[in-house]
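Chains, contacts and geometry: an overview
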Amino acid sequence: NVRSPNGGRRVDDGARCQASVDPSLTGQAHYRGVMASETPVDSAEAETTPEKLTFADLGLDAAVLKALKDVGYETPSAIQAATIPLVLEGRDVVGLAQTGTGKTAAFALPVLSQLDPQARHPQALVLAPTRELALQVADSFQSFADHLGKIQVLPIYGGQSYGVQLSGLRRGAHVVVDRRVVGR
């Protein structure tokens, strides 16, 4: 396990993705390691969400709140409630949870809240260990981004021609989802 230099926190709830927002590109708070190894939090802490908690209580951008309403999200899951505020603060977080608990949204929503749609260059990089997960994460980001207008998500993975990928970067992808194996 890597210790976070900025007081990172682990939310115990099974994703294996990393995401990052570069503050030099966005002018926003640095978000270095969602889903990277940091300090653990007891899994029981992430299992219960206060009943009255809303996404608005978590500090998300108004446009992202509207996108959540458009796609039918009503209240945050436990992993989302525990993770989103920390990510918005620029803290490193590890999220471990069962399938279907909203892990991707737990890091995608704060990343999308910090993007500048007017800047036509990559502002967030998400790394996934498999092609399938990279495509799934890209689809999740895009499902929210479709409601934000002009946010482009580009999955990059092996088996796709370089021309398609480079073209997507030239068009101004805001979020790049890359299939990478740790250590390569």
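This text follows the structure it describes.
**Topic: a nonpolar patch on the surface**
Judged by side-chain polarity, Y162, L166 and L169 come together as a nonpolar surface patch covering roughly 330 Å² of accessible area. As for its position among the elements, L166 is in helix α6 (residues 162-170).

**Examining unusual backbone geometry**
With a phi close to 60°, K150 is a non-glycine residue in the positive phi region. Along the chain, K150 falls in the loop between α5 (131-145) and β6 (153-156).

**Thoughts on the pattern of salt bridges**
Within the structure shown, the criterion is met by two salt bridges. K66 is the partner of D70 in a salt bridge, and the nearest nitrogen-oxygen pair spans 3.1 Å. Of the two residues, D70 and K66 both sit in helix α2 (residues 62-71), four residues apart, roughly one turn of that helix. A relative accessible area of 52% means that K66 is categorised as exposed. For R91, the salt bridge is made with E89, and the minimal N-O distance between the two is 3.5 Å.

Quick notes on the rules
- Along every chain, residues carry numbers that run from 1 in the direction the sequence is written.
- In keeping with the model being predicted, local features are shown solely for residues with a pLDDT of at least 70 and side-chain atom pairs are shown and tallied solely at 80 or more, while totals for entire chains, interfaces and linings include all residues.
- By convention in this description, side-chain values take in all heavy atoms of the structure and omit both hydrogens and water.
- The patches reported here contain residues having more than 30% relative accessible area and no salt bridge. Joining distances are 9 Å for like charges and 5 Å for nonpolar side chains (Val, Leu, Ile, Met, Phe, Trp, Tyr).
- The Shrake-Rupley method, run with a 1.4 Å probe sphere, supplies the accessible areas, and residue values consider only the shown protein chains as cover.
- Should a side-chain nitrogen of Lys or Arg be within 4 Å of a carboxyl oxygen of Asp or Glu, the pair is scored as a salt bridge.
- Under the DSSP-based scheme used, a helix requires at least four consecutive residues in state H or I and a strand at least two consecutive residues in state E, with every element numbered from the N terminus.
- Any residue under 20% of the maximum accessible area for its type is buried, any over 50% is exposed, and the rest in between are partly exposed; the area is computed with a 1.4 Å probe on protein chains only.

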